[in-house]
Amino acid sequence: MVRITFTENLVRHVACPEIEVEAGTVGEALEQAFRHVPALRGYVLDDQGEVRKHVIVLIDGQGLADRARLGQPLGGARRIHVLQALSGG
Amino acid sequence: MAERVWIGTKKGLFRAERKGRWTITRSWFLGVPVSAVLPDPRDGAVYVALNHGHFGTKVHRADDGERFAEIAVPTYPKKPEGLEDVDPYRKTPVPWSLVQLWCLEAGGRDQPGWLWAGTIPGGLFCSKDRGASWQLAESLWYGDDRRRWVGGGYDNPGIHSIVVDPRDSRRLSIGVSCGGVWHSRDAGATFALAAKGMRAAYMPEEHAFDEIAQDPHRIVACPAAPDRVWCQHHNGIFHSRDAGRTWSEVTADAPSRFGFAVAVHPRNPDTAWFVPATKDEMRIPVDGKVCVLRTTDGGKTLTALRRGLPQEHAYDLVYRHALDVDADATTLAMGSTTGSVWLSDDGGDGWQHLSAHLPPVHTVRFG
């Protein structure tokens, strides 16, 4: 099981509590979260299905290798954090 | 008489109402950039486009003008593998992804529920169900000419103006920065470029009149005389008498004819308002003095209106959607990048300050 946590700045706009899912890849894990909260998809991924430019996805504290394809295996990872990059003014 | 105005800013949506005097009465989405607002005159709903810096563009609708709920957002199609789509000058990739919803307009009176959305990087979208779903105007997006558009106001090209002809709702004109003016006779199924007479001072001389090279900053048509169209262009003011297909430049004296915003009188096509800035590389009021330009004779003369507007050390810039005239034809509103909002009750002769402390204003709209 992997636990997905969303930044509170995202929770402000769309209700997305922590969720535990069984998944082989990052993409599968996120898909399960999106099935739970369909509105969440557009906040995390862009029109082409890639992680938004200013969103960061960490797997056990490490950045995603490929933000476009999301096929990265989770292995024994326990935590996914969906965070916002520091940007803007 | 105008009773309320919506103010979309870099940090939220505000509404001001006439309660004896104009007063800000409510806010929504504080901290979130608002890029477009549409109070729909057909059914009273209010639509707002948000541009969350991190989480993308979202659209919300309030059927009662009070309680907003998220609705669908236009989505770009999957980019075909191997397709080269780059800005022709900058050679930077054009994203097939919604960067910003730049303008939102209602369809015709005979098209209940229809909405049009102009976006960056250049897609035009139509909803026929009050924003529950959106369809891309495919011939425009997939057409070869669209790939000749270049970034103007933003790094990627965008559609900032959509004019629906009240005589025939299938007829549309759109303004593109930069890509000229495009016209459809079939509700967006097909488009053709026509912006004859527009002049691009920023191009080499031999390309100054290329229609696709034009950078209209904002295009508005007179609702009572839709063939009469006004354009605040990157390097001047232009006027059309044939629904935006051919244009003549307004050369009347003025402190400056550079700017972004234009509003046209709802019944008298000879009257229009503009808010000048010094020039394209000096986007501040001439001599630090804010004024509004008004023509009442079809562009033969321009009068600078200053009463109630700051006349020293003022650096307010009014963006393209931040000037509006109410259907009553005498109430105007404008908002600036430094967070000032003014209202006029006499066609622009005099102005009252609503606030000097709002976030940078992107759009103002009566309704």
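Note: the structure precedes this text.
Calculation rules
Residues numbered from 1 in each chain as written. Chains lettered and ligands numbered in written order. Predicted model: local features only at pLDDT ≥ 70, side-chain atom pairs only at ≥ 80, totals over all residues. Heavy atoms only, no water. 1 Å grid on protein atoms, 1.4 Å probe; cavity = no way out; pocket = protein on both sides within 12 Å on 5 of 7 lines; lining within 4 Å. Points joined across faces, edges and corners; volume = space filled by probe spheres on them. Helix = DSSP H or I, 4+ residues; strand = E, 2+ residues; numbered from the N terminus. Pairing = 2+ DSSP bridges. Buried < 20%, exposed > 50% of the residue type's maximum accessible area, 1.4 Å probe, protein only. Arc of directions from axis to C-beta. Contact = heavy atoms within 4.5 Å. Nonpolar A, V, L, I, M, F, W, Y, C, P; charged D, E, K, R; others polar. Buried area = accessible area lost by both parts, 1.4 Å probe. Polar contact = N/O pair within 3.5 Å; in protein donor to acceptor, adjacent residues only side chain to side chain. Lys, Arg positive; Asp, Glu negative; His and termini not counted. Salt bridge = Lys/Arg side-chain N within 4 Å of Asp/Glu carboxyl O. Axes fitted to C-alpha atoms, helices over the stretch in contact; angles between N-to-C directions.

K.L.:
Any chance you could explain the layout of surface pockets here in plain terms?
P.N.:
A water-sized probe rolled over the atoms picks out the places where empty space is left. Taken as a whole, the largest pocket spans an internal volume of roughly 1600 Å³. If you go around the largest pocket, you meet 49 residues; those closest to its centre are His54(A), Asn51(B), His52(B), Gly53(B) and Val99(B). When residues of the lining of the largest pocket are traced back to their parent elements, those giving at least two are strand S4 (34-39), strand S5 (46-52) and strand S8 (100-106) of chain B. Volume-wise, the second largest pocket comes out at about 1300 Å³. Lining the second largest pocket are 49 residues, with Pro41(B), Glu105(B), Pro223(B), Asp324(B) and Arg365(B) sitting closest to its centre. Residue assignment for the lining of the second largest pocket shows that the elements contributing at least two residues are S4, S8, strand S12 (158-164), strand S16 (216-222), strand S20 (258-264), strand S24 (323-325) and strand S28 (361-366) of chain B.

K.L.:
Please explain unusual backbone geometry as it appears in this structure.
P.N.:
A negative phi holds for most residues other than glycine; trans holds for most peptide bonds. All names here are of chain B. Pro121 follows Ile120 through a cis peptide bond whose omega is 20°. Here Pro121 is to be found in the loop between strand S9 (115-120) and strand S10 (124-127). A cis amide bond, omega -10°, links Ser177 with the succeeding residue Cys178. Structurally, Cys178 can be placed in the loop between strand S13 (172-177) and strand S14 (180-184).

K.L.:
Explanation requested: the sheet that holds strand S11 (residues 135-136) of chain B in the structure shown.
P.N.:
Backbone hydrogen bonds hold the strands of a sheet together, and the pairing may be parallel or antiparallel. Residues and elements named next belong to chain B. Strand order across the open sheet formed by four strands is S8-S9-S10-S11, with antiparallel pairing between neighbours. Edge positions in the sheet fall to S8 and S11, since each has one partner strand and no second. Here S10 pairs with S11 via two bridges, running antiparallel. Along S11, the bridge assignment pairs Phe125 with Leu136.

K.L.:
What's the story with helix H2 (residues 26-36) of chain A in this structure? I'm lost.
P.N.:
An α-helix turns once per 3.6 residues; consequently, residues spaced three or four apart project the same way. Residue and element names in this part refer to chain A. For H2, the full list of buried residues reads Val26, Gly27, Ala29, Leu30, Ala33 and Phe34. Viewed along the axis of H2, the buried residues span an arc of 160°, placing them on a single side of the element. Set apart from the buried face of H2 by more than 90 degrees, the exposed residues are Arg35 and His36. Its buried side turned inward, H2 meets strand S1 (2-6), strand S2 (19-21), helix H3 (41-44), strand S3 (55-59) and strand S5 (79-84).

K.L.:
Help me understand empty space enclosed by the protein, please; the structure alone is not making it clear to me.
P.N.:
Residue and element names in this part refer to chain B. Per the counting criterion, the structure on display carries two cavities of 30 Å³ or more. Lining the largest cavity are 14 residues; nearest its centre among them are Val163, Asp165, Leu172, Ser173 and Ala243. For the lining of the largest cavity, the secondary structure elements donating two or more residues are S13, S14, S16 and strand S17 (225-233). Within the lining of the largest cavity, the residues separate by chemical class into eight nonpolar, three polar and three charged. As a volume, the second largest cavity reaches approximately 40 Å³.

K.L.:
In this structure, what is going on with the interface of chain B and chain A? I would like to understand it.
P.N.:
When the parts of a complex come together, some accessible area is lost, and that lost area is often used as the size of the interface. Counting from both sides, the interface comprises 20 residues of chain B and, opposite them, 17 residues of chain A. Carbon and sulfur atoms make up 46% of the surface buried where chain B meets chain A, a total of about 1500 Å² over both sides. Linking chain B with chain A are 13 residue pairs in polar contact (both at pLDDT 80 or more). Here the side of chain B that touches chain A is composed, by residue class, of nine nonpolar, six polar and five charged.

K.L.:
Could you clarify how one ought to interpret the side chain of Arg52(A) in this entry?
P.N.:
Inspection of the secondary structure puts Arg52(A) in the loop between H3 and S3. One buried charged side chain, Arg52(A), makes no salt bridge at all; its nearest oppositely charged neighbour is Asp47(A), positioned 4.6 Å away. With sequence-adjacent residues up to four places away left out, Arg52(A) is seen in contact with Gly42(A), Tyr43(A), Val44(A), Leu45(A), Asp46(A), Arg67(A), His54(B), Phe55(B), Gly56(B) and Lys58(B).

K.L.:
Would you explain the sheet that holds S17(B) in this entry?
P.N.:
Residue and element names in this part refer to chain B. Here we have four strands laid out as an open sheet, ordered S16-S17-S18-S19, and antiparallel in their pairing. Looking along the sheet, the strands with just one partner apiece sit at the ends: S16 and strand S19 (248-250). When the angles between neighbouring strand axes are averaged without regard to direction, this sheet yields 25°. Across three bridges, the pairing between strand S18 (residues 236-240) and S19 is antiparallel. Looking at S19, one finds that Ile237 is bridged to Val250.

K.L.:
Please explain the pattern of salt bridges as it appears in this structure.
P.N.:
Two side chains bearing opposite charge may form a pair once their charged atoms approach each other closely. Overall, the coordinates contain 26 salt bridges over all chains when judged by the stated rule. Note that Glu31(A) and Arg41(A) form a salt bridge whose closest N and O atoms lie 2.8 Å from each other. With a gap of 10 residues between them, Glu31(A) in helix H2 and Arg41(A) in helix H3 connect regions that are remote in the sequence. The exposure class of Glu31(A) is partly exposed, given its relative accessible area of 29%. Of the charged contacts, one joins Arg26(B) and Glu66(B) as a salt bridge, the two residues approaching to 2.6 Å between their closest N and O atoms.

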